[in-house]
Amino acid sequence: MTSHQTTQTMKPATAAKKLGVYLEATPAEFQEGVISRAELNALQADPPQWLQDLRRTGPHPRPVVAAKLGVSISGLARGGVTEALTTEQIDALKTENPEWLRRERATQADVRKEAARLKEKQRENDEG
């Protein structure tokens with residue numbers, strides 16, 4: 001018996017998410033095809049110029065925008081940011097530092113502190 005291994009493929013949206021890029025900003029051939037696991041690994045290992053440019057200047061998908069601003073995706077929505085932003089737009093927001101961004105960053109800091117506290121409490125319970 002010979003084992004036949006099928007090629008694992010994914011939709012462009014899934015591949016874009018894994019690459020951390022905004023799908024609508026990728027080249028048409030990327031958006032219209034299916035991407036194999038091997039192709040995804042190749043893109044990650046040796047990103048072509050278009051991927052390098054997207055990662056550097058954007059537009060970035062909301063999870064990347066949220067991470068760069070230090071807020072949650074929900075915080076972006078509460079702040080009225082619903083579209084992909086470029087690195088330049090993100091830097092401008094950081095410089096401007098509007099009230100909603102300060103508030104959401106504080107909320108995110110509180111969430112992280114609470115998560116760390118709970119993790120420490122769990123560690124103590126596991127030891128004792």
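Up top you'll find the structure we're talking about.
These notes cover the structure that comes with them. (Residues numbered from 1 in each chain as written. Predicted model: local features only at pLDDT ≥ 70, side-chain atom pairs only at ≥ 80, totals over all residues. Heavy atoms only, no water.)

1. Some details on helix α5 (residues 62-69)
Reasoning step 1: For α5, the full list of buried residues reads V65, A66 and L69. Each buried residue of α5 sits inside an arc of 100° when the element is viewed along its axis, so together they form one side.
Reasoning step 2: Two residues or fewer after α5 comes G70, characterised by a positive phi angle close to 75°. (Buried < 20%, exposed > 50% of the residue type's maximum accessible area, 1.4 Å probe, protein only. Helix = DSSP H or I, 4+ residues; strand = E, 2+ residues; numbered from the N terminus. Arc of directions from axis to C-beta.)

2. Here's the deal with the packing of helix α1 (residues 12-19) against helix α3 (residues 37-45)
Reasoning step 1: Following both chains from N to C, one finds α1 and α3 inclined at 30°, their axes separated by 11 Å at the closest point. Judged by the inter-axis angle, α1 sits roughly parallel to α3. Considering how the two elements wind past one another, α1 and α3 form a crossing that is right-handed. Across from A15, K18 and L19 in α1, the residues of α3 making contact are R37, L40, L43 and Q44.
Reasoning step 2: For the contact of α1 with α3, the residue count by class is 4 nonpolar, 1 polar and 2 charged. (Axes fitted to C-alpha atoms, helices over the stretch in contact; angles between N-to-C directions. Parallel < 35°, antiparallel > 145°, perpendicular 65-115°, else oblique. Left-handed = near helix turned anticlockwise from the far one by under 90°. Contact = heavy atoms within 4.5 Å. Nonpolar A, V, L, I, M, F, W, Y, C, P; charged D, E, K, R; others polar.)

3. Looking at the environment of L76
Reasoning step 1: Looking at the element boundaries, L76 is found in helix α6 (residues 73-78).
Reasoning step 2: Judged by relative accessible area, which is 0%, L76 ranks as buried.
Reasoning step 3: Taking the C-alpha atoms as reference points, L76 and R62, separated by 14 residues in sequence, lie 7.9 Å from one another.
Reasoning step 4: Not counting chain neighbours up to four residues away, the residues in contact with L76 comprise R62, V65, A66, L69, V71, V81 and W100.

4. Digging into the side chain of T26
Reasoning step 1: With respect to the helices and strands, the residue T26 is situated in the loop between α1 and α2 (28-32).
Reasoning step 2: Not counting the four nearest positions on each side in its chain, T26 is found in contact with V21, Q31, W50 and L54.

5. Structural notes on the layout of surface pockets
Reasoning step 1: There is about 190 Å³ of room inside the largest pocket.
Reasoning step 2: Along its surface, the largest pocket is lined by A13, A16, K17, G20, V21, Y22, L23, E24, P61, P63 and V64.
Reasoning step 3: For the lining of the largest pocket, the secondary structure elements donating two or more residues are α1 and α5.
Reasoning step 4: With 3 residues, the single largest contributor to the lining of the largest pocket is α1.
Reasoning step 5: In the lining of the largest pocket, the residues fall into 8 nonpolar, 1 polar and 2 charged. (1 Å grid on protein atoms, 1.4 Å probe; cavity = no way out; pocket = protein on both sides within 12 Å on 5 of 7 lines; lining within 4 Å. Points joined across faces, edges and corners; volume = space filled by probe spheres on them.)

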